[in-house]
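Structural characterization, general
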Amino acid sequence: MKALVFEKYGGPEVLEWKDVPDPSPGANDVVVQVKATAVNYNDIWGRRGAPQEVPLPHISGSDASGVITQIGSDVTNVKIGDEVVVHCGRPARGNREGQQYNIWGYDWPELDGAHGEYVKVPSENVLPKPSNVNFEEAASLPLVLVTAWRKLVHKAHIKPGDTVLVWGAAGGLGVMAIQIAKMFRATVIAVASSDEKLELCKKIGADHVINRSTQDVRKEVRNIVGRKGIDIVFEHPGQATMGLSVQMAKWGGMVVTSGATSGYEGQIDLRHIFFREVQLVGSTLGTIFHLQEALDAVEAGHIKAVIHSVLPMKDGGEGQRIVEDDEAVGKVVLVP
Ligand code: NDP
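If you're wondering where the values come from, they're calculated on a predicted model, not measured in any experiment. (Residues numbered from 1 in each chain as written. Predicted model: local features only at pLDDT ≥ 70, side-chain atom pairs only at ≥ 80, totals over all residues. Heavy atoms only, no water.)

1. Topic: the overall build of the protein chain
The condition that has to hold: Working definition: helices are DSSP H or I runs of at least four residues, strands are E runs of at least two. Numbering for both runs from the N terminus. When we talk radius of gyration, it's over C-alpha atoms, and the globule rule is simply 2.2 Å times the number of residues to the 0.38. Buried, partly exposed and exposed residues are distinguished by accessible area as a fraction of the type maximum, computed with a 1.4 Å probe on protein chains only: under 20%, between the cut-offs, and over 50%, respectively.
Along the protein chain, the regular secondary structure elements total ten helices and 17 strands. On C-alpha atoms alone, the protein chain measures out to a radius of gyration of 20 Å, which is about the 20 Å that the 2.2 N^0.38 rule sets for 336 residues. Each principal axis of the C-alpha atoms in the protein chain carries an extent, and together these give about 60 × 40 × 35 Å. The buried share among the 336 residues of the protein chain stands at 56%.

Quick look at the structure:
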């Protein structure tokens, strides 16, 4: 089979579309013929070898949709021919706070990632593909969907009437966050860096939009919510935005964060944390049960896939460049 492999760290040019051995399942594994996969930021962290080195040679990829072609001798939950999506966390079923995950395609050394024609994953990591999305749409969902769902539903306990500010609102996490927040009848303020991105945000439900390249985010937020502040700030850019996120949260509000795209050393005026009792909450991924809840919302039509482009898998380097250069409006999907 062919896969997108890198043997040294670097830019997108280190990725090669080449022959690798076919996977064969262990007793509790399945092999999935990948119909589509997606580009995620951890593909980029892995390829850069920073902030954390990944084993070389390496096949990235944390999202896949496809059809099961082989099952291990002890597998009972799925059968050959099933159409599935893959949850990227080990353990898939761990369900306690502070769960440490290995992420498929990034720091799960026993498994190659999703950027190949076939993949081997534990059978407990697959779920049925929602019937109302095609393979490309399905592949764009799992990682960002489960992360955004857990942040808003299980960490922030979103409820009708909340005001949610979504940074990077046209990015992978952002487009999920907007739709989840609207499903819970919250008011959404979407922040992005271009009018084109904000058009998309409005189309998928954002009530207010702020162009962070041309507008003063803090001032615009004040115009929208007055002095009350934001109930839930959906954080992930990190260093560039964290200080402001904490300032914009209401008294007792929450900043829920899962990333640091712009850097790790966010500066916070701690008085907002203790004096105004703003809660700063971390979140990573979510269990397969959280993913199933979110996929049920997809099946019910509340959440739709948002795809920037579909590229051949061999051109995954270009897909990563689009994400890295902050050009994507929604997800970049790769097909073999
Ligand atoms: P995308 O690249 O799809 O979107 C990121 C968005 O961040 C962009 O659309 C961009 O929006 C915004 N952004 C980038 N730089 C800045 C900045 N300096 N200030 C404000 N906004 C900025 O990535 P994802 O949504 O998939 O992931 C976002 C981050 O979350 C990544 O760091 C990723 O590694 C992390 N992540 C963590 C997970 C976890 O479980 N912990 C799971 C998934 C993702 P614009 O420029 O338009 O404002």
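2. Description of the domain arrangement of the protein chain
For the record, the criterion: Domains are outlined according to an automatic or database domain assignment. Whether two residues touch is decided by their heavy atoms; if any such pair falls within 4.5 Å, the residues are in contact. Using a 1.4 Å probe, buried area is obtained as the accessible area two parts lose upon being combined, added over both of them.
Here the protein chain is partitioned into domain 1 (2–141 + 305–335) and domain 2 (145–282). The C-alpha centroid of domain 2 is placed 28 Å from the C-alpha centroid of domain 1. With eleven residues of domain 1 at the contact, the number on the domain 2 side is 17 residues. When domain 1 packs against domain 2, the two sides together hide about 1200 Å² of surface, and 58% of this comes from carbon and sulfur.

3. A word on the nonpolar core
Put simply, the rule is: Only buried Ala, Val, Leu, Ile, Met, Phe, Trp, Tyr and Cys residues count toward a nonpolar core, and they belong to the same one when joined by side-chain atoms within 4.5 Å.
Membership of the largest hydrophobic core comes to 87 residues, with the highest contact counts inside it found for Trp104, Leu145, Met176, Ile178 and Ile180. Top contributing element to this core by residue count: helix α3 (residues 142–155), with eight residues. Taken domain by domain, the makeup of this core includes at least three residues from each of domain 1 (2–141 + 305–335) and domain 2 (145–282). The contact partners of methionine 176, leaving out residues within four places of it in the chain, are Leu141, Val144, Leu145, Ala148, Ile303 and Lys304. Ranked by size, the runner-up nonpolar core spans 16 residues in total, among them Leu165, Val221, Val225 and Val255.

4. Some details on the site of the ligand
What counts here: The criterion for a residue being near a molecule or strand is simple. One of its heavy atoms has to lie within 4 Å of it. Contacts described as polar in this section are N or O atom pairs within 3.5 Å, which, within protein, must combine one atom able to donate a hydrogen with one able to accept it, while residues neighboring in sequence count only if both atoms come from side chains. Exposure was quantified through the Shrake-Rupley algorithm and a 1.4 Å probe, taking into account, for residues, occlusion by the shown protein chains and nothing else.
The full set close to the ligand counts 27 residues, and Gly172, Arg212, Thr261, Leu285 and Asp326 are the nearest of them. Measuring from an oxygen atom of the ligand, one finds a backbone N or O atom of glycine 172 at 2.8 Å. Leucine 285 places a main-chain nitrogen or oxygen 2.7 Å from an oxygen atom of the ligand. Within the complex, 88% of the 910 Å² of free accessible area of the ligand lies under protein.

5. Examining the packing of aromatic side chains
The relative placement of two aromatic rings is captured by the distance of their centres and the angle of their planes. This is how the line gets drawn: Centre distance within 6.5 Å is the pairing criterion for rings of Phe, Tyr and Trp, where only the six-membered ring of Trp is used; planes under 30 degrees apart are then read as stacked, over 60 as edge-to-face, and the remainder as tilted.
Counted according to the given criterion, the structure contains three aromatic pairs. A ring pair is formed by tryptophan 251 and phenylalanine 275, whose centres lie 5.8 Å apart and whose planes are at 55°; its orientation type is tilted. Of this pair, tryptophan 251 sits in strand β14 (residues 249–257) while phenylalanine 275 sits in the loop between α8 (271–274) and β15 (279–282), placing them 24 residues apart in sequence. Residue tryptophan 251 is classed as exposed on the basis of its relative accessible area of 53%.

6. Focus: the sheet that holds strand β12 (residues 208–211)
Quick reminder of the rule: Pairing between strands is defined by DSSP: at least two bridges between the two strands are required. The axes used here are C-alpha line fits, helices contributing only the stretch in contact, and every angle between their N-to-C directions lies in the interval 0 to 180 degrees.
Across the sheet, which stays open at both edges, the six strands sit in the order β12-β11-β10-β13-β14-β15 with parallel pairing between neighbours. Each edge of the sheet is formed by a strand with only one pairing partner; in this case those strands are β12 and β15. Ignoring strand direction, the axes of neighbouring strands in this sheet form an average angle of 20°. Pairing geometry for strand β10 (residues 163–166) and strand β11 (residues 187–192), over four bridges, is parallel. Of the residues in β11, the one forming a bridge with leucine 165 is isoleucine 189. Lying on the sheet, helix α4 (residues 172–183) is in contact with β10, β11 and β13 (230–235); it crosses β11 at an angle near 165°. Docked against the sheet, helix α5 (residues 195–203) engages β11 and β12, running at close to 165° with respect to β12.

7. Comments concerning the environment of glycine 174
By the element assignment, glycine 174 lies in helix α4. When neighbours within four sequence positions are excluded, glycine 174 is seen to be in contact with Val166, Gly168 and Ala169.

8. Thoughts on the pairing of β11
Formally: With the strands pointing away from the viewer, any crossover whose connection runs clockwise from the first strand over the helix to the second is right-handed.
Within β11, five of the six residues are buried, leaving the element largely enclosed by the surrounding structure. Of the crossover connections in this fold, the one passing from β10 over α4 to the parallel β11 is right-handed. Bridge count between β11 and β12: four bridges; the pairing is parallel. Pairing of valine 191 across the sheet is with isoleucine 210, part of β12. Considered for its hand, the β-α-β crossover made up of β11, α5 and β12 is right-handed.

9. Describing the pattern of salt bridges
Put simply, the rule reads: Should a side-chain nitrogen of Lys or Arg be within 4 Å of a carboxyl oxygen of Asp or Glu, the pair is scored as a salt bridge.
Using the criterion set out here, one finds 22 salt bridges in the structure. Its salt-bridge partner being arginine 150, residue glutamate 97 comes within 3.5 Å of it at the nearest N-O pair. Remark: arginine 150 occurs in helix α3 and glutamate 97 occurs in the loop between β6 (89–90) and β7 (102–103); sequence separation between them is 53 residues. The exposed category is assigned to glutamate 97, whose relative accessible area is 55%.

10. Some details on the packing of α3 against helix α9 (residues 288–299)
To be explicit about the condition: Small angles under 35 degrees read as roughly parallel and large ones over 145 as roughly antiparallel, with 65 to 115 read as roughly perpendicular and the rest as oblique. Each residue gets one label: Ala, Val, Leu, Ile, Met, Phe, Trp, Tyr, Cys and Pro are nonpolar, Asp, Glu, Lys and Arg are charged, and the others, such as Gly, are polar.
Two elements in contact, α3 and α9, have axes separated by 9 Å at closest approach and are oriented at 100°. Between α3 and α9, the interaxial angle falls into the category roughly perpendicular. Contacts between α3 and α9 involve Pro142, Leu145, Val146, Trp149, Arg150 and His154 on the former and, on the latter, His290, Leu291, Glu293, Ala294, Leu295, Ala297 and Val298. Partitioned by chemical class, the residues of the contact of α3 with α9 number nine nonpolar, two polar and two charged.

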